[in-house]
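Commentary on secondary and tertiary structure
One-letter residues, chain by chain:
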Amino acid sequence: MVIEDSNLEENLNNEEQEVQDFNIEFPNEEESNGSFENFWNPVVKTEEDVEDEEEEEQEYEEEEEEFEDNEDETQDLDENLAFEFIKKSRGLDAESIDDLLKPKESKKLSPEVEKFLEFTEKTGNTNYNDFLATQKDWSAEGKDVVIKEFLKIENPTLSEKQIDFLYNKNYAFDEDIDDEDVIMEKSINVERDFQKGVKVLDARKEEFMVRKGLDESIPEEYRQAKTEFEKIQQREQEVDKLIAENRNDFIAKTESVFNEKFEGFKFKIGEDELVIKPENIKEAVKSQSDLNNFNNKYFDETTGKLKDPEGFHKALYFGMNAEKVAEHFYNLGKAKLAEEEDKLSKNITPDSGKKIPTMGGGKITVRVVK
């Protein structure tokens, strides 16, 4: 029996029109991870899904091609052009890109500057003259100079005036004025602290001494000038040393003349011997231990010009012809004495205005030794 239903046929036709196209994709071996179950679970995609995936894949391929093009352009970039760009934009002074990559070398300091910086760091003293003092040869300096420098090191906060005060109080003395105990005490202070000072100053010199040698960081003309300056300094030190030695020798020989057994200066005149002795020996030693005492009497201390030419040449003549001068006045005295005796023998009253002068007077004593 056949039953015809027109409505059923119409519904089936409508459903047929509404059915869309679709794709069934089975996963490949990699996507299924080797699982049989995954393989039989296919992915159903509509036509729209397929179109979206194709568009995404096309965009990915375009981006990948653009990246490859950019990579090729980066690799083909001329490094010379990059160097010129950097050089101009930064205002650099270089010949190649390698020069830009080299680390900058710090400028080498001279040994003297390095030692001065070390001196400043260790002592806290930024006075360059004090640093130069560490380079001196202190064995050639006088005891007073060494002790004052030692006091400056031991008392860095004191001024020059205060250092001088400290030195005069503890070390300076006058043999003609001070007591023997004071002289002894200060003499001991001088010898003791002089030795201490020499040790301290020599140690500082060893620590901060600038080693001599060629320093390429100093221009040649400066090195030559420094060498000449050092030669001048050395000559000055030698001259100062010689002057100090000569002065000490002069003082020692002067004191040896005016010793305890000194009887006076003797002059041989014929059969007689004339002796002249200063009344104050200490005053004579003090006055004659420094030739400036004589020079300042006849020369201007500021200009150095001769201010008393007659007095100077008279003293110079007397000094250079002492025997002759002594003989002259001795004979003159004898002649005067003979003249007076002759007048007395003839009962002639001597002229009271022409008495024979005596050589005493408190300054010089003259006696004739028969």
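Residues numbered from 1 in each chain as written. Predicted model: local features only at pLDDT ≥ 70, side-chain atom pairs only at ≥ 80, totals over all residues. Heavy atoms only, no water.

1. Notes on the overall build of the protein chain
Looking only at helices and strands, the protein chain features 16 helices and 5 strands. Counting all 370 residues of the protein chain, 16% fall into the buried class. Sequence separation of at least 24 residues holds for 45% of the intrachain contacts in the protein chain that already meet a minimum separation of 6. Here the protein chain displays about 30300 Å² of accessible surface, and carbon together with sulfur accounts for 50% of that area. (Helix = DSSP H or I, 4+ residues; strand = E, 2+ residues; numbered from the N terminus. Buried < 20%, exposed > 50% of the residue type's maximum accessible area, 1.4 Å probe, protein only. Contact = heavy atoms within 4.5 Å. Areas by Shrake-Rupley, 256 points an atom, 1.4 Å probe, with all protein chains shown as cover.)

2. A look at the nonpolar core
Among the nonpolar cores identified, the biggest contains 12 residues, and these are Ala133, Trp138, Val146, Ile147, Leu151, Ile163, Tyr167, Tyr171, Val190, Phe194, Val198 and Leu201. Listed by contribution, the elements that provide at least two residues to this core are helix H9 (143-154), helix H10 (160-170) and helix H11 (180-208). If one sorts the elements of this core by residue count, H11 sits on top with 4 residues. Every residue in contact with Tyr167, bar those within four places of it in the chain, is listed here: Asp144, Ile147, Lys148, Leu151 and Ala172. (Core = buried A, V, L, I, M, F, W, Y, C linked by side-chain atoms within 4.5 Å.)

3. Quick word on the pattern of salt bridges
By the definition in use, this model includes 13 salt bridges. The closest approach of N and O atoms between Glu118 and Lys115, which form a salt bridge, is 3.3 Å. You can see Glu118 and its partner Lys115 sitting in helix H7 (residues 111-123), 3 residues apart, about one turn around the helix. Measuring nitrogen to oxygen at the nearest pair gives 3.4 Å for the salt bridge that ties Lys152 to Glu160. Taking the relative accessible area as the measure of exposure, Lys152 reaches 24% and is therefore partly exposed. What you see here is one network of salt bridges that share partners, running through Lys115, Glu118, Lys122 and Glu207. (Salt bridge = Lys/Arg side-chain N within 4 Å of Asp/Glu carboxyl O.)

4. So, the packing of H9 against H11
H11 packs onto H9 with a crossing angle of 65° between their chain directions and a minimal axis gap of 8 Å. In terms of orientation, H9 and H11 fall into the roughly perpendicular class. Seen along the crossing, H9 lies across H11 with a hand that is left-handed. Of H11, the residues touching H9 (which contributes Lys143, Val146, Ile147, Glu149, Phe150 and Ile153) are Val190, Glu191, Asp193, Phe194, Lys196, Gly197, Val198, Val200, Leu201 and Arg204. Of the residues assigned to the contact of H9 with H11, the class counts are 9 nonpolar, 1 polar and 6 charged. (Axes fitted to C-alpha atoms, helices over the stretch in contact; angles between N-to-C directions. Parallel < 35°, antiparallel > 145°, perpendicular 65-115°, else oblique. Left-handed = near helix turned anticlockwise from the far one by under 90°. Nonpolar A, V, L, I, M, F, W, Y, C, P; charged D, E, K, R; others polar.)

5. As for the pairing of strand E3 (residues 265-269)
Relative to strand E4 (residues 272-278), E3 runs antiparallel, the two sharing 5 bridges. Opposite Phe267, over in E4, you have Leu274 as the bridge partner. Where E3 folds back onto E4 in an antiparallel hairpin, the turn is made up of 2 residues, including Gly270, whose phi is positive at roughly 60°. (Pairing = 2+ DSSP bridges.)

6. Points about a nonpolar patch on the surface
On the surface, Tyr317, Phe318, Phe329 and Leu332 cluster together into a nonpolar patch covering about 390 Å² of accessible area. Broken down by secondary-structure element, the contributors of at least two residues to the nonpolar patch are helix H15 (309-320) and helix H16 (322-345). One can find Leu332 in helix H16. (Patch = residues over 30% accessible without salt bridge, like charges linked within 9 Å, V, L, I, M, F, W, Y side chains within 5 Å.)

7. Brief notes about H9
Helical geometry note: an α-helix holds 3.6 residues per turn, so side chains three or four residues apart project in the same direction. In this model H9 runs 16 Å from its N-terminal to its C-terminal C-alpha over 12 residues, within 8% of the 16 Å that 1.5 Å per residue would give. Looking only at H9, the buried set comprises Val146, Ile147, Glu149, Phe150 and Leu151. Buried residues along H9 sit in contact with helix H8 (128-133), H10 and H11. (Expected span 1.5 Å × (residues − 1).)

8. Side note on the confidence of the model for the protein chain
Overall, the predicted model of the protein chain reaches an average pLDDT of 75, with 67% of residues at or above 70. No element of the protein chain has a lower mean pLDDT than helix H3 (residues 36-39), which averages 48, and none a higher one than H10, which averages 92. (pLDDT = per-residue confidence, 0-100.)

9. Considerations on the packing of aromatic side chains
As enumerated under the stated definition, the model contains 14 aromatic pairs in all. Arranged with centres 5.4 Å apart and planes meeting at 20°, the rings of Tyr167 and Tyr171 form a pair that is stacked. Across the pair, Tyr171 and Tyr167 agree in class, each one buried. Between Phe299 and Phe312 the ring centres are 5.2 Å apart and the planes differ by 75°, which places this aromatic pair in the edge-to-face class. In this pair, Phe299 sits in the loop between helix H14 (292-298) and H15 while Phe312 sits in helix H15, placing the two residues 13 residues apart along the sequence. The structure contains a cluster of three or more aromatic residues connected by ring pairs, namely Phe116, Phe119, Tyr128, Phe131 and Phe208. One Lys or Arg, Lys136, reaches over the ring of Trp138 and ends 4.6 Å from the middle of that ring. Sitting above the plane of the Phe194 ring, Lys143 keeps its charged end 5.6 Å from the centroid. (Phe/Tyr/Trp six-rings, centres within 6.5 Å; stacked < 30°, edge-to-face > 60°. Lys NZ or Arg CZ within 6 Å of the ring centre and 35° of its normal.)

10. Topic: a negative patch on the surface
Judged by side-chain charge, Glu48, Glu51, Asp52, Glu54, Glu55, Glu56, Glu57, Glu59, Glu61 and Glu62 come together as a negatively charged surface patch. Residue placement: Glu55 occurs in helix H4 (residues 47-75). (Lys, Arg positive; Asp, Glu negative; His and termini not counted. Charge placed at Lys NZ, Arg CZ, Asp CG, Glu CD.)

11. Thoughts on the side chain of Asp130
Mapping Asp130 onto the fold places it in helix H8. Under the relative-accessibility criterion, Asp130 is labelled buried at 18%. A polar contact is formed between the side chain of Asp130 and the side chain of Lys152, at a distance of 3.5 Å. Aside from chain neighbours lying at most four places away, what touches Asp130 is Phe119, Asn125 and Lys152. (Polar contact = N/O pair within 3.5 Å; in protein donor to acceptor, adjacent residues only side chain to side chain.)

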